[in-house]
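Structural overview for review
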Amino acid sequence: MNAIIVSTLLGVIMMFCSWGIKSNQVQKNIALIGLLILIVANVAQLNGWLVINYDTKGMLKFNQFGLYTNTLLFALTFIYVWINGEEISKLSNTPADFYSLFFFILCGVSVLTSFDNLLMLFIGIEILSIPLYILTGADKKNMFSNEAALKYFLMGSFSTGILLLGITFIYGATGTFLMADPVVNKVTGMAQEQVMLSAGLILLFAAMNFKVSAAPFHFWTPDVYDGAPTVFTSFMATIAKAAAFVAFINVFGSQYKALAYSWTILLTFVILATLLVGNIIAVFQRSVKRMLAYSSIAQAGFMLFALYGKTDITNEAILLYAVVYSIATIGIFAVLIKMKENSFESFNGLSKAHPLLAFVTTVFLFSLAGIPLTGGFFAKYYMLSALVKAGAGLWLVMVAVVFAAISIYYYFKIVQAMYFATGESALGALPKNYAYKLLALAILLLVLGVFPNLLLNYLYF
Amino acid sequence: MILVSFLFVPILAALLLLLIKDKKNAQWTAIIFSGITLVLACQMLCTNMVDFDKSWLPNLNSRFTLHADGLSKILILLTAISFPAIFIATAKNNFKQSNIFLSLMLFTQAGLMGVFMAGDALLFYFFWELALIPVYFLCSIWGGEKRIAITFKFFIYTFLGSLLMLVGILFLNAHTADHSFSMQSFLHANLTNGQQATGFVLFFIAFAIKMPLFPFHTWQPDTYEQSPTAVTMVMSAVMVKMGLYGILRWLLPLFPVAFMVHTHFMVVLSVIGILYASFIAIRQDDMKRFIAYSSIAHIGLMNAAIFTHTQIAIQGALIQLFSHGLNVLGLWIVADIIEQQTGTRSLQQMGGLAKKQPTLAILLVGFALANIAMPLTNAFVGEFLMFNGLFLLNPWMAAFAGVSVVLAAIYTLNMVQKVAYGEVSEKINTMQAPYKGAQAVLIVLLILVFATGVYPQPLFTLTADTLQQLFVK
């Protein structure tokens, strides 16, 4: 509750910031302070302190998992702004506008981690998506950015329509927007209502798959990620996506679990398609940015395992995966931004030009590939473990690891370019302390790679 | 505590080396620290209480457990001997950024030590990967011409194998009573025969790729050829033992039924591999590839011996794990000296080493004899026991595998003949006396080869407890 209110207020404040304050640096600092306030407010709610005690009639439900997810995603946003502040400033004279959009997105995030009502799901998704459409088109003078924004907007609206249609069907079948179990279980007798509910759920499923860019609903992802300004791609692929996943799990992982059997086969198909499309197409990419877009589809395939069945470690798995994946992705995009071009060749010889940057990039890539000693290993491990515990066939786990091995191929292409290829890297000028900020991220990943508990313990107290 | 020091000392040295830019100092640091590890390893042989156990990942029920019985100890000892020997013997080789090179080598040592000590499956997997990653960089940065593509193939190949093992670990974890990863609860997991077979295959592929066992061996000759020789030494003396260790430590105790079912199949597969590799070794002209194929044959024999599941053969394999490490290390060092000085590995261009450098030729012949498993050398003890076990299982198998001894004599002596005897070739003529350090290492290794060949009892005593564990149940 606190987070929803405070993020809205901060968004509005940020919006008017650029009137009085002209310095980009100050605007960035205000945004950072705002994020800290947001984190504090959210943690305060964890300890029972509320700004307003308002009865939402069961539309929102705040639990430990949702609030902790909020905290983590806010912290990730903080890291993101802390590292990318300069780059954001380059895109506009009034970067405060972008920060304000971030706060609105975070408002959407807070709704998505706490909704218990399909209307709130819809509202959350919309609050999250609309600022994203704007951010995609933020580079106004760039045709690709405009094209990407239009594509994203059209496709996104279409999927929202499907989402609404699905919600309508479910309402028709159950007579309520509330997702609490007993209501859904009421639908037993009449065949017509059963069909309506199933149709509604399938539509809802499709729309959510679109939001998390799972195949075969992924077609917007490469174009949008490629066209959007790289800083915002980084935000879209991490924080926004993680929030969409948490919402997805909230709907299908727990609430409509009773219907699980009827759609396991559908989910398996989606997972396999996502892993296949993401990994195989990523292998053939020439541009690192596009490769990362496909790799984010592939990673989504792994995260979908969390939906396979609710087990005692599903929550841990999705949180760890989302956080670790986000840190690594923010890191690798932060390196990519500083390259003059997006090709693999631009990384050639980076280990000689800037050994520290090459090292942190290696850590990020290792983490994405899931190699032990980095957080990515435990993220993948938890997912696979959740999958086994949920009773999935061993063959599915084996398919997953085969694709994990394939992913090594495209991630290591950058490592090879940095360390083994000769040539001049296309590294642009780096701001002061930039590499050290990234080193901090890399160390975070390495620590999580040995002690993932540090992150997960807070889920319980 | 002493077991932790086997991880701690190499990692500390590796981190220190990142700061030492000067080549001489870096080499001394590496040699001194690996020497400390060796001293500690010798001290370990005299102590009994060596287990270490600490909480690591309570959520997952995984503990940081280090455990050493005879099998672990013998491999720890081999690892501890190999690294200082390699550092000294290759000290004259020229590398750019030698401090980074040595640092990565020491990380590998830590990983290998961890593999041989881990008593927790997840920890085992961790170290299994930790040993691989530095090697990837070592080969790709300092290797030969085609290094990048070949090392990449090697990496993806072994990584896929390890991931399948990870699935196996997960699978077993789900079937343990307390959902932990400890060796004990894995041993008490109640598996049906079908489940055992699944777990067996998942683990076995990882081990077979690592060994490498025919038909999973295709990465090996190329990788050995392209890697810098110091790394090849680590791989063939110690790393390949990871696969055999895995079979003895995990595969055999965890899936006894599946193990027994596959006995004949595996022995036949190994014997095919032995003959195949031996025949190819005869035709090799490149010295590195020659040793690579001869190594495949030897490892195949050890694998066959383990799968006979007879006490005598496994005893032989346990000894041979150590002996093969020493012998192959010696061969590599001789090959490296010749390559460094003459710039060639082609057997065609060699000849007359005995006239030009008699000491080196004597050392070469010594290790060559050990490679053929002549009596009085250490390999004889192991191979004799292994053939004995194979004979108990099936005389025909012993006969076919026995051909490999003849083939080994053919290819090894052929190599010795080409290198050491005949006319002094143009390339060999340019050779200087090998550098004193390398020569000293070779002499020490050769003494060990004959000492354990004449009096192998200490090795039997050391591995007695492992053998007992494997056969008492």
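Every value quoted in this text rests on a predicted model; they were computed, and no experiment measured them.

Time to look at the overall build of chain B. Secondary structure assignment for chain B yields 21 helices and two strands. Taking 23 Å as the expected radius of gyration for a compact globule of 473 residues, we find that chain B reaches 21 Å, a close match to that expectation. When its C-alpha atoms are laid out on the principal axes, chain B stretches across 70 × 55 × 45 Å. In chain B, which comprises 473 residues, the share counted as buried stands at 66%. Excluding contacts between residues fewer than 6 apart, the proportion of contacts in chain B whose partners are at least 24 apart in sequence is 83%. Roughly 16200 Å² of accessible area belongs to chain B as shown, and the carbon and sulfur atoms make up 66% of that amount. If the 24 positive side-chain charges of chain B are averaged to one point and the 18 negative ones to another, these points end up 6 Å apart.

As a further point, take the overall build of chain A. Regarding its fold elements, chain A presents 19 helices and zero strands. For chain A, the C-alpha radius of gyration of 21 Å lies close to 23 Å, the compact-globule estimate for 461 residues. In terms of its C-alpha atoms, chain A occupies a principal-axis envelope of roughly 70 × 55 × 45 Å. The long-range fraction of contacts in chain A, counting pairs at least 24 apart against all pairs at least 6 apart in sequence, stands at 82%. Accessible surface, chain A: about 16700 Å² in total, of which carbon and sulfur atoms supply 69%. One way to put it: in chain A the 24 positive side-chain charges average out to a point 4 Å from where the 17 negative ones average out.

A separate point is the packing of helix α9 (residues 220-227) of chain A against helix α12 (residues 288-303) of chain A. Residues and elements named next belong to chain A. Packing of α9 against α12 leaves a shortest axis separation of 9 Å and a crossing angle of 140 degrees. As judged from the angle between their axes, α9 and α12 are oblique. Between α9 and α12 the crossing geometry is right-handed. On α12, the residues touching T221, P222, D223, Y225 and D226 of α9 are K289, R290, A293, Y294, S296 and I297. Along the lines of polarity and charge, the residues of the contact of α9 with α12 split into five nonpolar, two polar and four charged.

All names here are of chain B. Over its 26 residues, helix α10 (residues 229-254) extends 36 Å from the first C-alpha to the last, a length consistent with the 38 Å expected when each residue adds 1.5 Å. At M235, α10 shows its maximal kink, close to 40 degrees. The buried fraction of α10 amounts to 26 of the 26 residues, a majority that puts the element mostly inside the structure.

So, on to the layout of surface pockets. Put simply, the largest pocket is a space of about 1800 Å³. Along its surface, the largest pocket is lined by 45 residues, and A:F359, B:L15, B:L18, B:L104 and B:F107 are the ones closest to its centre. Breaking the lining of the largest pocket down by element, the ones donating at least two residues are α14 (350-353), α15 (355-369) and α18 (434-450) of chain A together with α1 (2-19), β1 (52-57), α4 (98-117) and α5 (121-142) of chain B. Element by element, the count of residues in the lining of the largest pocket is highest for α5(B), at nine residues. Here the lining of the largest pocket is composed, by residue class, of 33 nonpolar, eight polar and four charged. What the second largest pocket holds in volume is close to 400 Å³. Lining the second largest pocket we find 21 residues, and of these B:H67, B:M183, B:Q184, B:L187 and B:Q469 sit closest to its centre. With four residues, α10(B) is the single largest residue contributor to the lining of the second largest pocket. Its residues assigned to classes, the lining of the second largest pocket shows ten nonpolar, seven polar and four charged.

Our next topic: empty space enclosed by the protein. A probe matching the size of a water molecule, rolled over the atoms, marks out where space remains unfilled. Applying the stated criterion across every chain yields a total of twelve cavities of 30 Å³ or more. A:L132, A:Y152, A:K211, A:W220 and A:A240 are the residues nearest the centre of the largest cavity, which is lined by 14 residues in total. Those elements that provide at least two residues to the lining of the largest cavity are α5 (118-136), α8 (191-211), α9 and α10 (230-255) of chain A. Residues belonging to the lining of the largest cavity are distributed by class as follows: ten nonpolar, two polar and two charged. By volume, the second largest cavity amounts to about 90 Å³. In terms of lining, the second largest cavity is formed by B:K23, B:Q27, B:A30, B:F87, B:T90, B:A91, B:N93, B:F95, B:S98, B:F101 and B:L102.

In this model, chain B carries an average pLDDT of 86, and 99% of its residues clear a pLDDT of 70 or more. Per-residue pLDDT, averaged within each element of chain B, yields its smallest value for helix α19 (residues 426-429) of chain B (76) and its largest for α4(B) (90).

On to a nonpolar patch on the surface. Judged by side-chain polarity, B:F8, B:L12, B:L15, B:L16, B:L18 and B:L19 come together as a nonpolar surface patch covering roughly 570 Å² of accessible area. Counting through the fold element by element, B:L19 comes out in helix α1.

Turning our eyes to something else, we now look at the interface of chain B and chain A. Interface size is commonly expressed as the accessible surface area that is lost when the partners come together. Counting residues at the interface gives 33 residues for chain B and 35 residues for chain A. In terms of surface lost to chain A, no three residues of chain B exceed B:N59, B:F126 and B:L170, which account for 19% of the buried area on that side. Summed over the shared surface of chain B and chain A, the result is zero salt bridges. The tally of links from chain B across to chain A stands at one residue pair in polar contact (both at pLDDT 80 or more). Residue composition of the side of chain B that touches chain A, grouped by class: 27 nonpolar, four polar and two charged.

Now for the packing of aromatic side chains. Residue and element names in this part refer to chain A. By the definition in use, this model includes 63 aromatic pairs over all chains. Over the aromatic face of F302 sits the side chain of K380, whose NZ or CZ is 5.0 Å from the ring centroid. The ring of F344 is capped by K413, whose NZ or CZ atom sits 4.7 Å from the centre of that ring.

With that settled, consider the nonpolar core. In this structure, A:L121 and A:F378 are the most contacted members of the largest nonpolar core, which totals 373 residues. Examining the composition of this core, we find that 19 residues originate from one element, α5(B), more than from any other. Contact partners of A:L121, with chain neighbours within four places excluded, come to A:L112, A:F115, A:L163, A:L204, A:M208, A:A247 and A:V251.

Once that is clear, we can look at unusual backbone geometry. Residue and element names in this part refer to chain B. Residue M211 is joined to P212 through a cis peptide bond whose omega torsion reads -10 degrees. Mapped onto the fold, P212 is located in the loop between α8 (193-210) and α9 (219-226). Geometrically, the link from F214 to P215 is a cis peptide bond, its omega value of 0 degrees lying close to zero. Here P215 lies in the loop between α8 and α9. One non-glycine residue with positive phi stands out, namely A373, at about 65 degrees. Secondary-structure assignment places A373 in the loop between α16 (358-372) and α17 (378-393).

Let's shift gears to the pattern of salt bridges. What the rule picks out here adds up to 16 salt bridges over all chains. Here A:K61 ties to A:D116 by a salt bridge, and the two come within 3.9 Å at their closest N and O atoms. Taken together, the residues span a long stretch of sequence, with A:K61 in the loop between α2 (24-46) and α3 (64-90) and A:D116 in the loop between α4 (96-112) and α5 at a distance of 55 residues. For the salt bridge of B:E225 with B:R345, the shortest nitrogen-to-oxygen distance reads 3.6 Å. With B:E225 in helix α9 and B:R345 in the loop between α14 (311-342) and α15 (353-356), the pair connects residues that are 120 residues apart, well separated along the chain. Among the ionic contacts, a cluster of salt bridges with common partners joins B:D222, B:E225, B:D286, B:R289, B:E339 and B:R345.

Residue and element names in this part refer to chain B. Mapping M397 onto the fold places it in helix α18 (residues 395-420). On the basis of relative accessible area, M397 is assigned to the buried category, the value being 14%. In this structure the C-alpha to C-alpha distance between M397 and I410, which are 13 residues apart in sequence, comes to 20 Å. Those residues in contact with M397 that lie beyond four places of it in its chain are V267, V268, V271 and L390.

Here is what the cut-offs are and how they apply
- Residues numbered from 1 in each chain as written.
- Chains lettered and ligands numbered in written order.
- Predicted model: local features only at pLDDT ≥ 70, side-chain atom pairs only at ≥ 80, totals over all residues.
- Heavy atoms only, no water.
- Helix = DSSP H or I, 4+ residues; strand = E, 2+ residues; numbered from the N terminus.
- Rg over C-alpha atoms; globule rule 2.2 N^0.38 Å.
- Buried < 20%, exposed > 50% of the residue type's maximum accessible area, 1.4 Å probe, protein only.
- Contact = heavy atoms within 4.5 Å.
- Areas by Shrake-Rupley, 256 points an atom, 1.4 Å probe, with all protein chains shown as cover.
- Lys, Arg positive; Asp, Glu negative; His and termini not counted.
- Charge placed at Lys NZ, Arg CZ, Asp CG, Glu CD.
- Axes fitted to C-alpha atoms, helices over the stretch in contact; angles between N-to-C directions.
- Parallel < 35°, antiparallel > 145°, perpendicular 65-115°, else oblique.
- Left-handed = near helix turned anticlockwise from the far one by under 90°.
- Nonpolar A, V, L, I, M, F, W, Y, C, P; charged D, E, K, R; others polar.
- Expected span 1.5 Å × (residues − 1).
- Bend = angle between axes of the 7 residues up to and from the residue.
- 1 Å grid on protein atoms, 1.4 Å probe; cavity = no way out; pocket = protein on both sides within 12 Å on 5 of 7 lines; lining within 4 Å.
- Points joined across faces, edges and corners; volume = space filled by probe spheres on them.
- pLDDT = per-residue confidence, 0-100.
- Patch = residues over 30% accessible without salt bridge, like charges linked within 9 Å, V, L, I, M, F, W, Y side chains within 5 Å.
- Salt bridge = Lys/Arg side-chain N within 4 Å of Asp/Glu carboxyl O.
- Buried area = accessible area lost by both parts, 1.4 Å probe.
- Polar contact = N/O pair within 3.5 Å; in protein donor to acceptor, adjacent residues only side chain to side chain.
- Phe/Tyr/Trp six-rings, centres within 6.5 Å; stacked < 30°, edge-to-face > 60°.
- Lys NZ or Arg CZ within 6 Å of the ring centre and 35° of its normal.
- Core = buried A, V, L, I, M, F, W, Y, C linked by side-chain atoms within 4.5 Å.

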